[in-house]
Amino acid sequence: MTYFGVRETYFRLLGGAKKPDATREGANQFAYQAGKSTISVLYCLVKKIENSLDNKEIAFCAFMDIEGPFDNTSHETIGKATRRKGASEATVSWINEMLINRSIIPKVGETELKIKTAKECLEGGVLSPLLWTMVVDCRLYKLTNEGFETIGYADHLAIIIRGKHEETLIERMQIAL
């Protein structure tokens, strides 16, 4: 999905109540945004590490690849993130119903079989990248508010801890993780 598709879906989801880009607290979230790419996320990370080296600091980075973000994100988590971004309760309920009550009906010849889907968030749907972005934005925002430097790109996250005292940095990284 392109940035413009996610942006338009986001705007419609929130009923035009907020300017889409203004609601993205995660300035360190690089996915699905115009002018941001894997190159820009790598540049941002390298710049932070270079700044630490220039200041004679230690820099620890933890890299995470969230396994199955669409399959493993609960409806509850999606609902909380959607509310936090300003969606109405009606919209949150609609999304929840859509996710919970999905089914597929394969047909072979004259035989049909209705199967209820088991995955949490439909991968490949137009809404899925938006829902995941809302969830990960909330996590990045929380870590940033707790004093951690974070960078996100889709289902990839990095936490950067910088300073002069290794023991303190190790303790802080444990808290972040």
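Refer to the structure presented above.
Here is a short report on the structure shown in this document.

1. As for the sheet that holds strand β6 (residues 149-153)
Paired through their backbone hydrogen bonds, the strands of a sheet run either parallel or antiparallel.
Logical step 1: Taken in spatial order, the three strands make up an open sheet running β1-β7-β6, and their pairing is antiparallel. The sheet terminates laterally at β1 (58-65) and β6, the two strands that pair on one side only. For this sheet, the mean angle separating the axes of adjacent strands, direction not counted, is 15°.
Logical step 2: Here β6 runs beside strand β7 (residues 156-163); their pairing, made up of five bridges, is antiparallel. Along β7, the bridge assignment pairs Ile-151 with Ala-158.
Logical step 3: Here helix α2 (residues 38-54) sits on the sheet in contact with β1, β6 and β7, set at roughly 160° to β6.
Logical step 4: Where helix α7 (residues 166-176) meets the sheet, it contacts β1 and β7, and its direction lies at approximately 20° from that of β1.

2. Quick look at the packing of aromatic side chains
Logical step 1: Using the criterion set out here, one finds zero aromatic pairs in the structure.
Logical step 2: For the cation-ring pair, Lys-36 lies above Phe-30, with the distance from its terminal atom to the ring centre recorded as 4.9 Å.

3. Description of the environment of Thr-82
Logical step 1: Within the fold, Thr-82 resides in helix α4 (residues 75-84).
Logical step 2: Distance from Thr-82 to Leu-130, taken between C-alpha atoms, is 9.6 Å for residues 48 residues apart in sequence.

4. Observations regarding helix α5 (residues 89-100)
Logical step 1: Taking 1.5 Å of rise per residue, the twelve residues of α5 would be expected to cover 16 Å, and the 16 Å separating its terminal C-alpha atoms lies within 8% of that figure.
Logical step 2: Considered for burial, the residues of α5 that qualify are Thr-91, Val-92, Ile-95 and Leu-99. Along α5, the residues classed as buried sweep out an arc of 100° about the axis, all on the same side. With respect to the buried face of α5, the exposed residues turned more than 90 degrees away are Ala-90 and Trp-94.

5. Looking at the packing of α4 against helix α6 (residues 128-145)
Logical step 1: Put simply, α4 and α6 touch, their axes get as near as 9 Å, and they point 75° apart. Compared by their axis directions, α4 and α6 come out roughly perpendicular. Counted together, Thr-77, Ile-78, Ala-81, Thr-82 and Arg-84 of α4 and Leu-131, Met-134, Val-135, Cys-138 and Tyr-141 of α6 form the full contact between these two elements.

6. Section: a nonpolar patch on the surface
Logical step 1: A grouping of Ile-104, Leu-113 and Ile-115 is seen on the molecular surface, where their side chains present a nonpolar patch of about 260 Å² in accessible area.
Logical step 2: Locating Leu-113 in the fold gives a position in the loop between β4 (111-112) and β5 (115-116).

7. Section: the environment of Ile-78
Logical step 1: For Ile-78, the position within the fold is in helix α4.
Logical step 2: Remark: the alpha-carbon pair of Ile-78 and Thr-133, spanning 55 residues in sequence, is separated by 9.9 Å.

8. Some remarks on the layout of surface pockets
Taking a probe equal in size to a water molecule and rolling it over the atoms shows the remaining empty space.
Logical step 1: The computed volume of the largest pocket comes to approximately 180 Å³.
Logical step 2: Around the largest pocket, the lining residues are Val-41, Leu-42, Leu-45, Phe-63, Met-64, Asp-65, Ile-151, Gly-152, Tyr-153, His-156, Leu-157 and Ala-158.
Logical step 3: Of all the secondary structure elements, the ones that give two or more residues to the lining of the largest pocket are α2, β1, β6 and β7.
Logical step 4: The residue makeup of the lining of the largest pocket, split by class, is nine nonpolar, two polar and one charged.

9. Considerations on the pattern of salt bridges
Logical step 1: Counting across every chain of the model gives five salt bridges.
Logical step 2: Across the salt bridge formed by Lys-80 and Glu-76, the nearest N and O atoms sit 3.3 Å from each other. Linking Lys-80 with Glu-76, this pair stays in helix α4, spanning four residues, or about one helical turn.
Logical step 3: By relative accessible area, which is 51% here, Lys-80 ends up exposed.
Logical step 4: A salt bridge links Glu-89 to Arg-83, with the nearest nitrogen and oxygen atoms 2.6 Å apart.
Logical step 5: Of the residues examined, Arg-83 reaches a relative accessible area of 39% and is grouped as partly exposed.

Rules and cut-offs
Residues numbered from 1 in each chain as written. Predicted model: local features only at pLDDT ≥ 70, side-chain atom pairs only at ≥ 80, totals over all residues. Heavy atoms only, no water. Pairing = 2+ DSSP bridges. Helix = DSSP H or I, 4+ residues; strand = E, 2+ residues; numbered from the N terminus. Axes fitted to C-alpha atoms, helices over the stretch in contact; angles between N-to-C directions. Contact = heavy atoms within 4.5 Å. Phe/Tyr/Trp six-rings, centres within 6.5 Å; stacked < 30°, edge-to-face > 60°. Lys NZ or Arg CZ within 6 Å of the ring centre and 35° of its normal. Expected span 1.5 Å × (residues − 1). Buried < 20%, exposed > 50% of the residue type's maximum accessible area, 1.4 Å probe, protein only. Arc of directions from axis to C-beta. Parallel < 35°, antiparallel > 145°, perpendicular 65-115°, else oblique. Patch = residues over 30% accessible without salt bridge, like charges linked within 9 Å, V, L, I, M, F, W, Y side chains within 5 Å. Areas by Shrake-Rupley, 256 points an atom, 1.4 Å probe, with all protein chains shown as cover. Salt bridge = Lys/Arg side-chain N within 4 Å of Asp/Glu carboxyl O. 1 Å grid on protein atoms, 1.4 Å probe; cavity = no way out; pocket = protein on both sides within 12 Å on 5 of 7 lines; lining within 4 Å. Points joined across faces, edges and corners; volume = space filled by probe spheres on them. Nonpolar A, V, L, I, M, F, W, Y, C, P; charged D, E, K, R; others polar.

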